[in-house]
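# Structural description and commentary
Listed here are the chains, written in short residue letters.
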Amino acid sequence: METSTRVPGAVAALHAAIDALTNEVIHALRAQLPSYAVLSADQLRPRVTVSLRNGLALVQHWSGQGHRSPKGTVHGSGPAYDLPACDLPTYDLPAGHLTEVTALARRVPVEDIISAYRIGSDIVWRRFGEEMAARQGTAEDLLPIAETLRAWAAATTLRIVRSCRADLQRRTVTDRRRAALVRALLLGEARWADTGADGRRRDGELNGELDGELEGELDGVFDRSALHLAFRARLPAPSGPDGPACSPAPTPAQHGPGHPDSADGALARTVDLLRPWLARDASGRPLVTTVDGEVAGLLAVRPEGLCRNLVVGLGAPAPASGLAPEFVRATQALRAAVGSGLVGVFTHEELGLRATVVALPDVGEQLVRLRLVPLAERGEDGAQLEEAVAAYLRQGMRLEAAARALYVHPNTLRNRLRRFEEITGTSLRDPADLAEVWWALTHRRIHGPAS
């Protein structure tokens with residue numbers, strides 16, 4: 001049998017069995033690559049089938065042109081063959097296929113996509129070799145075809161890598177622009193364009209990072225008439241037996257990239273926890289950012305059934321022009337919840353006086369000077385007395401429970417409370433004095449020691 005008929009015959013046989021060949025490749029991909037195992041066979045089948053048909057069409061085209069020629073040399077051992085250059089449009093990927101593969105790379109590592117092409121090529125080459133052997137094909141017949149397929153696979157891989165890299169760069173830029181947009185909305189740095197009677201934008205600009213580059217994108221990406229809830233969130237920190245210590249807002253520099261508590265790690269975990277309720281832009285991406293190392297953004301509705309793994313301060317529903325003041329209230333709610341050791345979703349109103357302590361730090365400083373500073377002059381003894389009254393209030397003014405929490409006898413605690421009253425001029429039986437002591441202690445816990 002002539003070479004001119006062996007190759008087309010082998011290719012035709014593989015074309016006829018394309019469904020079985022596709023299933024074999026899909027099975028191998030899902031067995032060898034964990035990232036492909038989570039994808040269904042139906043998701044993979046169209047992409048695999050197109051790749052197989054493209055590779056077989058390449059071999060069929062090559063065999064029809066005559067496979068020996070001094071031009072089109074592929075570098076390596078052996079004679080020169082008439083092989084397609086990597087950029088020849090004749091062997092271009094089918095329209096839309098590269099786009100599909102690039103989209104797949106958003107869920108599957110690019111390295112695994114390259115491995116998938118290698119796995120598929122190995123299977124096709126093995127099956128092609130079997131068909132050629134059945135037709136008495138020789139090594140001389142197979143060598144130029146192997147070189148052709150190798151060049152095609154290399155060119156295809158290169159195009160995929162370039163496309164995925166370009167897509168990643170585009171998405172990175174887009175994500176940064178979206179984050180800057182959300183940050184501008186929350187911090188009140190977005191100045192809205194004027195609109196005329198026809199509702200069309202006349203002029204306007206955005207401050208800071210958004211100048212020029214993002215001008216007008218608020219109208220293109222964000223529906224400024226829609227009501228959203230501004231939020232600010234933190235992953236809860238473990239607290240000691242005396243309640244949560246003052247924990248300042250984290251900054252990105254505290255942890256390296258990828259660390260669960262770094263800005264990027266916290267953002268990913270928070271987005272995952274809040275995903276069902278997040279507001280999204282026109283492309284379906286969540287409207288989230290980071291502010292001083294904490295996750296912030298917009299929710300479409302209040303989360304329900306949340307959440308033991310997150311502390312969220314929430315503003316009231318507001319249009320875009322009213323988000324900044326609501327974000328301030330959401331921040332105050334978050335500070336109050338974290339300082340009180342609470343976990344879940346809270347508005348400013350739901351936290352009552354706790355949120356007021358955050359909102360009025362000057363009042364808290366005055367009460368600290370009045371009710372707690374006199375203890376500082378007594379050093380460790382004064383700290384012990386402050387700890388005693390804090391435990392007493394935390395246990396609902398139940399002496400026995402507070403004594404157990406401090407591992408002391410009730411009479412010891414009673415004596416410490418009496419000394420606290422004497423030193424600070426406070427009566428723990430006077431509701432006004434009691435409220436001032438609670439406010440001072442809560443202020444110190446949330447805001448930390450006075451500078």
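In what follows, the accompanying structure is described. Worth saying up front: this structure is predicted, and the values here are computed from it rather than measured.

Rules of the game
- Residues numbered from 1 in each chain as written.
- Predicted model: local features only at pLDDT ≥ 70, side-chain atom pairs only at ≥ 80, totals over all residues.
- Heavy atoms only, no water.
- Phe/Tyr/Trp six-rings, centres within 6.5 Å; stacked < 30°, edge-to-face > 60°.
- Helix = DSSP H or I, 4+ residues; strand = E, 2+ residues; numbered from the N terminus.
- Salt bridge = Lys/Arg side-chain N within 4 Å of Asp/Glu carboxyl O.
- Buried < 20%, exposed > 50% of the residue type's maximum accessible area, 1.4 Å probe, protein only.
- Pairing = 2+ DSSP bridges.
- Axes fitted to C-alpha atoms, helices over the stretch in contact; angles between N-to-C directions.
- Contact = heavy atoms within 4.5 Å.
- Polar contact = N/O pair within 3.5 Å; in protein donor to acceptor, adjacent residues only side chain to side chain.
- Core = buried A, V, L, I, M, F, W, Y, C linked by side-chain atoms within 4.5 Å.
- Expected span 1.5 Å × (residues − 1).
- Parallel < 35°, antiparallel > 145°, perpendicular 65-115°, else oblique.
- Left-handed = near helix turned anticlockwise from the far one by under 90°.
- Nonpolar A, V, L, I, M, F, W, Y, C, P; charged D, E, K, R; others polar.

### A word on the packing of aromatic side chains
- What the rule picks out here adds up to 1 aromatic pair.
- Measuring from centroid to centroid gives 5.9 Å for Trp125 and Phe128, while their planes differ by 25°, and the two rings are stacked. With Trp125 and Phe128 both in helix H6 (residues 110–134) and 3 residues apart, this pair spans about one turn of that helix.

### Structural notes on the pattern of salt bridges
- Scanning the entire structure with this criterion turns up 22 salt bridges.
- Residue Asp281 pairs with Arg178 through a salt bridge whose shortest N-O separation is 2.7 Å. With a gap of 103 residues between them, Asp281 in the loop between helix H9 (263–274) and strand S4 (288–291) and Arg178 in helix H7 (residues 139–186) connect regions that are remote in the sequence. Take Asp281 and Arg178: they sit in the same class, and that class is buried.
- Residue Asp292 pairs with Arg232 through a salt bridge whose shortest N-O separation is 3.8 Å. Linking Asp292 in the loop between S4 and strand S5 (294–299) with Arg232 in strand S3 (residues 229–234), this pair joins segments that are 60 residues apart in sequence.
- The exposure class of Arg232 is buried, given its relative accessible area of 5%.
- A cluster of three or more residues bridged by salt bridges with shared partners is formed by Glu24, Arg126, Arg127, Glu130, Glu131 and Arg135.

### Things to note about the sheet that holds S5
- Taken together, the 5 strands give an open sheet; going across it, the order is S4-S5-S3-S6-S7, and neighbouring strands pair in mixed fashion. The outermost strands of the open sheet, each flanked by one partner alone, are S4 and strand S7 (344–347). Across the sheet, the axes of successive neighbouring strands diverge by a mean angle of 25°, strand direction being ignored.
- Where S4 and S5 come together, 4 bridges link them in antiparallel fashion. From the neighbouring strand, Val288 faces S5, where its bridge partner is Gly297.
- Helix-sheet contacts for helix H10 (residues 323–339) involve S3, S4, S5, strand S6 (311–314) and S7, and the interaxial angle to S3 is about 30°.

### Some remarks on helix H15 (residues 399–406)
- Inspection of H15 places Leu399, Ala401, Ala402, Ala403 and Leu406 among the buried residues, and these make up the whole buried set.
- If you follow the buried residues of H15, they end up packed against helix H14 (379–394) and helix H16 (410–424).
- In the stretch just after H15, Tyr407 is the one whose phi turns positive, near 60°.

### Some points on the environment of Leu360
- With respect to the helices, strands and loops of the structure, Leu360 is situated in the loop between helix H11 (353–359) and helix H12 (361–371).
- The spatial distance from the C-alpha of Leu360 to the C-alpha of His443 is 9.2 Å, given a sequence separation of 83 residues.

### Considering unusual backbone geometry
- A positive phi angle is found at Asp292, which is not glycine, with a value near 55°.
- Positive phi, close to 60°, is recorded for Tyr407, a residue that is not glycine.
- Assignment of secondary structure puts Tyr407 in the loop between H15 and H16.

### Some words on the side chain of Asp281
- On the basis of relative accessible area, Asp281 is assigned to the buried category, the value being 10%.
- Engagement of the side chain of Asp281 in a polar contact is seen with the side chain of Arg178, the distance being 2.7 Å.

### With respect to the nonpolar core
- Counting residues in each nonpolar core, the largest one holds 36 residues, and the members touching the most others are Leu413 and Leu417.
- Counting residues per element, this core draws most heavily on H14, at 7 residues.
- Each residue touching Leu413, except ones within four places of it in the same chain, is listed here: Ala388, Leu399, Ala402, Ala403, Leu406 and Val408.
- Counting 31 residues, the second-largest nonpolar core is a separate cluster that includes Val48, Leu52, Ile119 and Ile160.

### Topic: helix H17 (residues 431–447)
- Spanning 17 residues, H17 covers 24 Å between terminal C-alpha atoms, matching the ideal 24 Å at 1.5 Å per step.
- Looking at the packing, one finds that the buried side of H17 touches H10, H11, H12, H14 and H16.
- The opening residue of H17, the one whose side-chain oxygen lies 2.9 Å from the backbone nitrogen of Ala432, is Asp430.
- Positive backbone phi, approximately 85°, marks Gly448, located one or two places after H17.

### Looking at the pairing of S3
- Counting buried positions along S3 yields 6 of 6 residues, so the element is predominantly enclosed.
- Covered by surrounding structure in S3 are Leu229, Phe231 and Ala233 together with Ala230, Arg232 and Arg234, the residues of both alternating faces.
- With 4 bridges joining them, S3 and S6 adopt antiparallel strand pairing. Bridge pairing in S6 links Arg234 to Val311.

### A look at the packing of helix H2 (residues 18–32) against H6
- Taken N-terminus to C-terminus, the directions of H2 and H6 make an angle of 140°; their axes are 10 Å apart at the nearest point. Put simply, H2 runs oblique to H6. Handedness of the H2/H6 crossing: right-handed. Residues Leu21, Glu24, Val25, Ala28, Leu29 and Gln32 of H2 form the contact with H6, whose own contacting residues are Ala116, Ile119, Gly120, Ile123, Val124, Arg126 and Arg127.

### Description of the packing of H12 against H17
- In the contact formed by H12 and H17, the axes pass within 8 Å of each other and the chain directions differ by 115°. Taken together, the axes of H12 and H17 lie roughly perpendicular to each other. By crossing handedness, the relation of H12 to H17 is classed as left-handed. Judged by residue contacts, Pro361, Val363, Gly364, Glu365, Leu367, Val368, Leu370 and Arg371 of H12 engage Asp433, Glu436, Val437, Trp439, Ala440, His443, Arg444 and His447 from H17.
- Among the residues making up the contact of H12 with H17, the classes are represented as 8 nonpolar, 3 polar and 5 charged.

Note that every value here comes from positions in space, so none of it alone points to a role or purpose.
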